[in-house]
Amino acid sequence: MARAQFQKGQKVWVECVGAWAQIEKVQPVWAKGFEEPVRVTYDVGLGREFLGHELLLPTDDPAAHASESWRLMRARNKWQTAEDTPHHPFPGTYPVVVTDKADWGGWRVPGAEYDRDPEQIEFQARLIAAAPRLMALAQRMVAAVDDTPEDAPPEMQMLARDARTVLKSVTDVLAAPESAAAQPPSRAA
């Protein structure tokens, strides 16, 4: 027996197509002698019907809330001394963005990549270290506009809409619906 995992109008990720879609129709397939549908398919407007295991829901990423303490540190370059790299912004070191409360884990680049363009890598390190604060700023801006949309100027409403889109791309992750995760996909003939 099959039960509907999604509702009409719900936004889903269609895994095999690699695109977002909206459920247009929930289509149960009935068989004589059964009280429940034997299969449920979903029309999402992409030219064919999809089964529940082909669709995923956006979910909140719990790791997104653990990023308050990112910081930029400098690590000693083991292979090049300060005398070997006078053209680097900080000779003899490279940036490391630490994303854990302990002083390890995070982002770093290979020495050859850093040597190729140290200014760009330094900029990327500062940007990554500031990302949690920038994200919090965007969230506060969206919340401020959402609280009183009629008082927000049109430019601020556009900025909040753009910020909401960027935040969604960061915080939304895909997952199968809970009922589908508990049972394996059924094969109907």
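The structure under discussion appears in the preceding block.
Residues numbered from 1 in each chain as written. Predicted model: local features only at pLDDT ≥ 70, side-chain atom pairs only at ≥ 80, totals over all residues. Heavy atoms only, no water.

Asker: What should I look at first to understand the pairing of strand S2 (residues 19-22) in this one?
Answerer: Along any regular strand, the residues point their side chains to alternate faces of the sheet. Of the pairings in the sheet, the one linking strand S1 (residues 11-14) to S2 comprises four bridges and is antiparallel in character. The partner of Val12 across the bridge, within S2, is Ala21. (Pairing = 2+ DSSP bridges. Helix = DSSP H or I, 4+ residues; strand = E, 2+ residues; numbered from the N terminus.)

Asker: What exactly am I supposed to notice about the sheet that holds strand S8 (residues 93-98) here?
Answerer: The strands making up a sheet associate through hydrogen bonds between their backbones, and the pairing can be parallel or antiparallel. Taken together, the three strands give an open sheet; going across it, the order is S7-S8-S9, and neighbouring strands pair in antiparallel fashion. Single-partner strands in this sheet number two, and they are strand S7 (71-76) and strand S9 (106-107). Bridge count for S8 against S9 is two bridges, and the pairing is antiparallel. Looking across to S9, one finds that Val98 is bridged to Gly106.

Asker: Please explain helix H3 (residues 154-171) as it appears in this structure.
Answerer: The end-to-end C-alpha separation of H3 is 25 Å, in line with the 26 Å expected for 18 residues at 1.5 Å each. Buried residues of H3: Ala160, Ala163, Leu167 and Thr171, and no others. Within H3, the buried residues cover an arc of 65° as seen down the axis, which keeps them to one side. Among the exposed residues of H3, those oriented more than 90 degrees off its buried face are Pro154, Thr165, Val166 and Ser169. (Expected span 1.5 Å × (residues − 1). Buried < 20%, exposed > 50% of the residue type's maximum accessible area, 1.4 Å probe, protein only. Arc of directions from axis to C-beta.)

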